[in-house]
Amino acid sequence: MNQVIEFIKSDRLKEKPDLESLGFGKHFTDHMFILDYNEEQGWHSPRIVPFEPLVLSPSAMVFHYGQAIFEGLKAYKTNDGRTLLFRPDKNIERLNRSCERMCIPPIAPDLVLEAIVRLVEVERDWIPNKEGTSLYIRPFIIATEPYLGVRPASEYKFMIILSPVGAYYSGRQLVPVKIYVEDEYVRAVPGGVGHVKTSGNYAASLYAQKKAEELGYDQVLWLDGKENKYVEEVGSMNIFFKINGEVYTPKLNGSILSGITRDSVIQLVKDWGVPVHEERISIEDIFNAYKNGELEEVFGTGTAAVISPVGELKWNEHKMLLNNSETGEFSKKLYETITNIQYGKAEDKFGWTKEV
């Protein structure tokens, strides 16, 4: 990296939040990282500055045409005081894939990694050390050019903010969730932008999510946008099914996000000698497996929750109750294995962690 990151220290440090009531994404650290882009200079002026509001023109293109992408990863505090990142290289790769799809100039991976590491170093005291907590890292890019016209912007900001977090689901960790299979609205279609982390994907999912919550469910299971029959994602997570001792997950098809936790689960399960199938899976196949007593476990995977076991699936008039709405042994083993690697409690034979 040939750009020096400037550091401007905040003169008003915040009080750290109570570890017992962290929640998710509610608290933010004292500093943030900023990198600017224009066509003349490219990506330039990397700096760590006090966390504060942005000043943008009302005509900034992000507000009107939605050029915005983001990532999410975590820093973990080990029992012996070290700080570990989990597979940051994969997040950076995906960040640049999102850039390509959204016509945003890519950023040198070594600069992104250095920015993450430096910011986490500066805010090391913000990393919570209570079991199940971590420091959430949110890199994102927005189009800042003041212009009204549908074309890629010529000015951007890349930023990183940090948030100490607890469990993703309102203080609950590894508690089975209830899932509603959405049969009207779709999350994404092949050829669209469902395979990248662009903000509009999540805005488009809110209506169905609200509908599911009103029906008493925690999340939505999305079906494909063409035939409305093949399973894609659950909420903002990838989805897995354990059927007759084997693991199934939808194959990446251009509308499904390539999750880092998804990839980690696939590698782990293969390492354990359990067959893994990445293929098209219809919701009818899942229901038939349930009827035949073959559907053993269902779980979502993602950075925020790591493993989210499913206790109930509602598809049309069918209600599938799984493991008496208790966490399955396979889901529990996956969660414990991944989190033990993340917190430095277990051997990292895959080389997934990076010490800060």
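So, a few notes on the structure that sits alongside this text. Small disclaimer: the values here were computed from a predicted structure and weren't measured.

**Overview of the state of the cysteines**
On inspection of all chains with the given rule, the structure shows zero disulfides. Distance from the sulfur of Cys99, which forms no disulfide, to the nearest cysteine sulfur (Cys103) is 10 Å.

**Focus: the packing of aromatic side chains**
Going through the model one piece at a time under the given rule, you end up with 15 aromatic pairs. Here Tyr76 and Tyr343 contribute two aromatic rings whose centre-to-centre distance is 4.9 Å and whose plane-to-plane angle is 75°, an arrangement assigned as edge-to-face. One end of the pair, Tyr76, is in strand S5 (residues 73–77); the other, Tyr343, is in the loop between helix H7 (329–342) and strand S18 (353–355), and 267 residues separate them in sequence. Judged by relative accessible area, Tyr343 falls into the buried class, the value being 13%. With a centroid separation of 4.4 Å and an interplanar angle of 15°, the aromatic rings of Phe350 and Trp352 are classed as stacked. Sitting above the plane of the Phe330 ring, Lys242 keeps its charged end 5.4 Å from the centroid.

**Regarding the pairing of strand S15 (residues 295–302)**
Where burial is concerned, most of S15 is hidden: seven out of the eight residues are buried. Where strand S12 (residues 237–243) meets S15, six bridges bridge the pair, whose relative direction is antiparallel. Residue Ile239 lies in a different strand from S15, and its bridge partner there is Gly300. Sheet topology note: the S15/strand S16 (residues 306–315) ladder contains four bridges and is antiparallel. Residue pairing for S16: Gly300 is matched across the bridge by Ser308.

**Some points on unusual backbone geometry**
Phi at Val306 takes a positive value of approximately 65°, unusual for a residue other than glycine. Tracing the backbone through its elements, the reader meets Val306 in strand S16. Look at Ser325: it is not a glycine, yet its phi comes out positive at around 60°. Its location among the elements puts Ser325 in the loop between strand S17 (318–321) and H7.

**Thoughts on the packing of helix H2 (residues 88–101) against helix H3 (residues 109–122)**
Orientation of H2 relative to H3, taken along the N-to-C sense of each, is 125°, at an axis distance of 10 Å. Relative to H3, H2 is oriented oblique. Crossing of H2 over H3 shows right-handed handedness. When H2 is examined against H3, the residues Pro88, Ile92, Leu95 and Asn96 are found in contact with a partner set consisting of Pro109, Val112 and Leu113.

**Some points on the nonpolar core**
Phe33, Trp43, Ile137, Ile141, Phe158 and Ile160 are the most contacted members of the largest nonpolar core, which has 47 residues in total. Take this core: its biggest share by element is seven residues, from H3. When neighbours within four sequence positions are excluded, Ile141 is seen to be in contact with Trp43, Gln67, Ala68, Ile69, Leu95, Cys99, Ile104, Ile107, Tyr156, Lys157 and Phe158. Grouped together as the second largest cluster of nonpolar side chains are 25 residues, Leu223, Phe241, Leu295 and Trp315 included.

Definitions and limits used
- Residues numbered from 1 in each chain as written.
- Predicted model: local features only at pLDDT ≥ 70, side-chain atom pairs only at ≥ 80, totals over all residues.
- Heavy atoms only, no water.
- Disulfide = S-S within 2.5 Å.
- Phe/Tyr/Trp six-rings, centres within 6.5 Å; stacked < 30°, edge-to-face > 60°.
- Helix = DSSP H or I, 4+ residues; strand = E, 2+ residues; numbered from the N terminus.
- Buried < 20%, exposed > 50% of the residue type's maximum accessible area, 1.4 Å probe, protein only.
- Lys NZ or Arg CZ within 6 Å of the ring centre and 35° of its normal.
- Pairing = 2+ DSSP bridges.
- Axes fitted to C-alpha atoms, helices over the stretch in contact; angles between N-to-C directions.
- Parallel < 35°, antiparallel > 145°, perpendicular 65-115°, else oblique.
- Left-handed = near helix turned anticlockwise from the far one by under 90°.
- Contact = heavy atoms within 4.5 Å.
- Core = buried A, V, L, I, M, F, W, Y, C linked by side-chain atoms within 4.5 Å.

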